[in-house]
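The chain contents come next:
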Amino acid sequence: MNLQAILNIVFWPFKLVARLFRRGARAGGRETKGAARTAGGAVARLTSEELLDQEYKAEPPTGLEAALFRQLPRPRLTERSASDLTIEEARDFAGQAARFYEYEFPLFTRGDFFYEEIELEFLHGALGYGQESIDERFIDVTTLFRRTLNENTRRLFLYWTPFIGVLALTAAYFWSPTLPFLQTGSPWMAALAPFGIAAVFGGLFMFLVYSWPYKVVQQRNLMNLDNYVTSKFARINNNFQVAKRRALNVEREKRMNERDALKDEAGAWTLAYHWFASRLYLCETMLRNKFYQVRRNTTLYWIAGLGLTAACVLALGLFGLLTGADTLRLAGIVAGGTGYLFLAALTLIRAPGMMLQVLKANEWSRFHLVNLDRTIRDHVGEDKIQIVTFRDRNRFE
């Protein structure tokens, strides 16, 4: 392990705290274009909030679970259908494709500690984020869903989990001396039983909160996002097929006196279907980036939530020690807190894998299914065959 790796490990907690405070203000001193391409920039955040205000208020979520956790409905699809694809649209897509192919890939990136920030900057630049690109809305939607999924998980793990545990143990601490049926047994039973009962009831209530409001809302959010992504990718795939077909057949609609128009349309349709395929790849990479962050953060929230709960249990034990609680009740606090932590850990360990159970990537129109390589080979091969055919025919005539 070199010196740089050791320094990264030592300063990792400080970099993490600094990153959390820096995300909100990073875009303040940058130009608008640079901020728009930054994953944590203010422009991206403002766009997502505007998206929520303008579109989702017309379809407010219902149900008690939506009051406890944030729920987003299915976004409306704005991708043009294949039936509306015209030569003017193909020229516009060809212009976006040229912007992508001329994009200067940054070999020397910023020194962010989290690599997904660097990857997002490249994807924003490649998809033309902040430059009136057709995929700006897709980036805003996926960013908004990522933040919502993380916000719900953070609320469950860091708020509800410690609160339920401390509430149950505090109730056992103050109410156990007043319960008459506990005074007839042994001192150990009188001290440990109420905290054991509190741990069980706390664990059951934690399981209820996870299974009903949290899991229901998260699955709805994931399904709404999955439906949106599936529809968008299917439409991009359909547009790819249309552009490919028109690129292959454009010469059948033109004559020799329309050579300039033939050249323009053939180039526009060809570059358009190239760009449709590239968009599928870039959008899938964007989703991979967002999903990685959600799963990574869910695991971190799981660890942080259990750690915070353990700290609250220790604080309750310290409170009992300062207020003169006997050794048996202090042992009961520790035993009850340990039991609750165990039950909460078993309940919440399934949260990181929820995404894989709901989302089915094989239902999307994947990039590798459009067969761009075979399309290019067939397109160029067919054009060369026609050139040779007409050349030999004119030679014999």
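In this report, we go over the structure that sits alongside the text. (Residues numbered from 1 in each chain as written. Predicted model: local features only at pLDDT ≥ 70, side-chain atom pairs only at ≥ 80, totals over all residues. Heavy atoms only, no water.)

## Comments concerning the packing of aromatic side chains
Selection rule: Classification of ring pairs rests on two measures: the distance between centres of Phe, Tyr or Trp rings, Trp counted by its six-membered ring, which must be within 6.5 Å, and the angle between planes, read as stacked under 30 degrees, edge-to-face over 60 and tilted in between. The numbering of helices and of strands both runs from the N terminus, where a helix is a DSSP run of H or I of at least 4 residues and a strand a run of E of at least 2. Summary of the burial criterion: residues with accessible area below 20% of their type's maximum are buried, those above 50% are exposed, and those between are partly exposed, where the area comes from a 1.4 Å probe applied to protein chains only.
For the structure on display, the rule yields 13 aromatic pairs. Ring geometry for Tyr-173 and Phe-319: centres 6.2 Å apart, planes at 65 degrees, overall edge-to-face. Taken together, the positions of Tyr-173 in helix α7 (residues 136-175) and Phe-319 in helix α9 (residues 259-322) put the pair 146 residues apart, joining distant regions of the chain. Ring geometry for Phe-174 and Phe-319: centres 6.3 Å apart, planes at 55 degrees, overall tilted. Taken together, the residues span a long stretch of sequence, with Phe-174 in helix α7 and Phe-319 in helix α9 at a distance of 145 residues. Relative accessible area serves as the criterion here: at 45%, Phe-174 is assigned to the partly exposed category. Taken together, Phe-69, Tyr-210 and Tyr-214 form an aromatic cluster joined through their ring pairs.

## Re helix α6 (residues 115-126)
Short version of the rule: In this scheme, a helix's expected span is set at 1.5 Å multiplied by one less than its residue total.
For α6, with 12 residues, the first-to-last C-alpha span of 17 Å sits near the 16 Å given by 1.5 Å per residue. All of the buried residues in α6 are Glu-116, Glu-117, Ile-118, Glu-119, Leu-120, Glu-121, Leu-123, His-124, Gly-125 and Ala-126. Positive phi shows up at Gly-128, right after α6, with a value of about 75 degrees.

## Looking at a nonpolar patch on the surface
Filter applied, for reference: Surface patches are drawn from residues lacking salt bridges whose relative accessible area is over 30%; two like charges belong together within 9 Å, two nonpolar side chains (Val, Leu, Ile, Met, Phe, Trp, Tyr) within 5 Å. In short, Shrake-Rupley with a 1.4 Å probe defines the accessible areas, and a residue's cover is counted only from the protein chains shown. What counts as a salt bridge is simple: a side-chain nitrogen of Lys or Arg found within 4 Å of a carboxyl oxygen of Asp or Glu.
A cluster of nonpolar residues, Phe-105, Leu-107 and Phe-108, forms a patch on the protein surface that exposes about 440 Å² of accessible area. As for its position among the elements, Phe-105 is in the loop between α5 (87-101) and α6. The partly exposed category is assigned to Phe-105, whose relative accessible area is 46%.

## Quick word on the nonpolar core
To be explicit about the condition: The term nonpolar core refers to a set of buried residues drawn from Ala, Val, Leu, Ile, Met, Phe, Trp, Tyr and Cys, joined through side-chain atoms within 4.5 Å.
In this structure, Phe-138, Leu-156 and Phe-276 are the most contacted members of the largest nonpolar core, which totals 65 residues. Those elements that place two or more of their residues in this core are α5, α6, α7, α8 (187-249), α9, α10 (327-348) and α11 (354-358).

## Some thoughts on the packing of α7 against α10
Each pair of packed helices can be described by the angle between their axes along with the distance between the axes. So the rule is basically this: The axes used here are C-alpha line fits, helices contributing only the stretch in contact, and every angle between their N-to-C directions lies in the interval 0 to 180 degrees. If an angle is under 35 degrees, it is roughly parallel; if it is over 145, roughly antiparallel; if it lies from 65 to 115, roughly perpendicular; otherwise it is oblique. Definitions for this section: a left-handed crossing has its near helix turned counterclockwise from the far helix by less than a right angle. A right-handed crossing has that turn clockwise. What makes two residues a contact is simply this: any of their non-hydrogen atoms within 4.5 Å. Note that Gly is not counted as nonpolar here; it falls among the polar residues with everything else outside the nonpolar set of Ala, Val, Leu, Ile, Met, Phe, Trp, Tyr, Cys and Pro and the charged set of Asp, Glu, Lys and Arg.
Contact pair α7 / α10: the axes reach a minimum separation of 10 Å and the direction vectors enclose 150 degrees. In terms of orientation, α7 and α10 fall into the roughly antiparallel class. Where α7 crosses over α10, the two elements pack in a sense that is right-handed. Counting all contacts with α7, which are made through Leu-156, Phe-157, Trp-160, Thr-161, Ile-164, Gly-165, Leu-169, Tyr-173 and Phe-174, the residues of α10 involved are Arg-329, Ile-333, Gly-336, Gly-337, Tyr-340, Ala-344 and Leu-348. Looking at the contact of α7 with α10, its residues break down into 11 nonpolar, four polar and one charged.

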